[in-house]
Amino acid sequence: MSLISNGLRLIFTCSLSLALPCIFHIARHTFATMSLNNHVPLETIQKMLGHSDIATTQIYARLLDKTISEDMVRMREKFDTIPVDIKPLPEPPVTFTPEPQPKRGRPRKYS
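The structure displayed is predicted, hence computed values, not measured ones.

1. Remarks on the overall build of the protein chain
- Counting its secondary structure elements, the protein chain contains 4 helices and 0 strands.
- Counting the 111 residues in the protein chain, one finds 14% classified as buried.
- For the protein chain, the proportion of contacts with a sequence separation of at least 24, taken over those separated by at least 6, is 44%.
- Carbon and sulfur atoms form 64% of the exposed surface of the protein chain, whose accessible area is close to 10600 Å².

2. Notes on the side chain of Asn 37
- Here Asn 37 is to be found in helix H1 (residues 6-37).
- Given the relative accessible area of 9%, Asn 37 is considered buried.
- At 3.0 Å, the side chain of Asn 37 forms a polar contact with the backbone nitrogen of Leu 64.
- In this view, Asn 37 contacts Arg 62, Leu 63, Leu 64 and Thr 67; residues no more than four positions away in its chain are not counted.

3. Description of a nonpolar patch on the surface
- Where nonpolar side chains cluster on the molecular surface, the patch consists of Leu 63, Ile 68, Met 72, Met 75, Phe 79, Ile 82, Val 84 and Ile 86 and spans about 810 Å² of accessible area.
- Turning to its location among the elements, Ile 86 is positioned in the segment after helix H4 (65-80).
- Of the residues examined, Ile 86 reaches a relative accessible area of 71% and is grouped as exposed.

4. Some details on the side chain of His 51
- Residue placement: His 51 occurs in the loop between helix H2 (42-49) and helix H3 (54-60).
- At 3.2 Å, the side chain of His 51 and the side chain of Arg 28 are in polar contact.
- Of note is the side chain of His 51, whose polar atom sits 2.8 Å from the side chain of Thr 57.
- Leaving out residues up to four positions away in the same chain, His 51 has contacts with Arg 28, Gln 46, Thr 56, Thr 57 and Tyr 60.

5. Description of H2
- Those residues of H2 not exposed but buried are Leu 42, Ile 45, Gln 46 and Leu 49. All buried residues of H2 lie within an arc of 105° about the axis, which places them on one face of the element.
- Looking one or two residues beyond H2, the residue adopting positive phi is Gly 50, at roughly 80°.

6. Digging into the nonpolar core
- Core analysis: the largest hydrophobic core is formed by 7 residues, namely Ala 32, Leu 36, Leu 42, Ile 45, Leu 49, Tyr 60 and Ala 61.
- For this core, the secondary-structure elements that each account for two or more residues are H1 and H2.
- Residue contributions to this core peak at 3 residues, all from H2.
- Those residues in contact with Leu 49 that lie beyond four places of it in its chain are Arg 28, Phe 31, Ala 32, Thr 57 and Tyr 60.

The rules behind the values
- Residues numbered from 1 in each chain as written.
- Predicted model: local features only at pLDDT ≥ 70, side-chain atom pairs only at ≥ 80, totals over all residues.
- Heavy atoms only, no water.
- Helix = DSSP H or I, 4+ residues; strand = E, 2+ residues; numbered from the N terminus.
- Buried < 20%, exposed > 50% of the residue type's maximum accessible area, 1.4 Å probe, protein only.
- Contact = heavy atoms within 4.5 Å.
- Areas by Shrake-Rupley, 256 points an atom, 1.4 Å probe, with all protein chains shown as cover.
- Polar contact = N/O pair within 3.5 Å; in protein donor to acceptor, adjacent residues only side chain to side chain.
- Patch = residues over 30% accessible without salt bridge, like charges linked within 9 Å, V, L, I, M, F, W, Y side chains within 5 Å.
- Salt bridge = Lys/Arg side-chain N within 4 Å of Asp/Glu carboxyl O.
- Arc of directions from axis to C-beta.
- Core = buried A, V, L, I, M, F, W, Y, C linked by side-chain atoms within 4.5 Å.

Here's what the structure looks like:
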């Protein structure tokens, strides 16, 4: 006695065979995204996925907001360590007052 009927077995086997390419494709996207977000260079990911064009790899890999935020913090820390020697101006800046522009357009006719 079989626990699963042949019809049910066929439905399960067919749906699994249709889902496997989709699962594989999603796994490639996930791998590329996670690698990029762990600071693996895009060129390295391109070689790992076997892409000949880097534009294809850019489609696969998505940068997360968390990674962008971490990179901004890291960049800010680098900029904060740069010594800045800013001296005040020796004299106050000259103020600029623009000359009034003549009115443009056709003169109005008053009747």
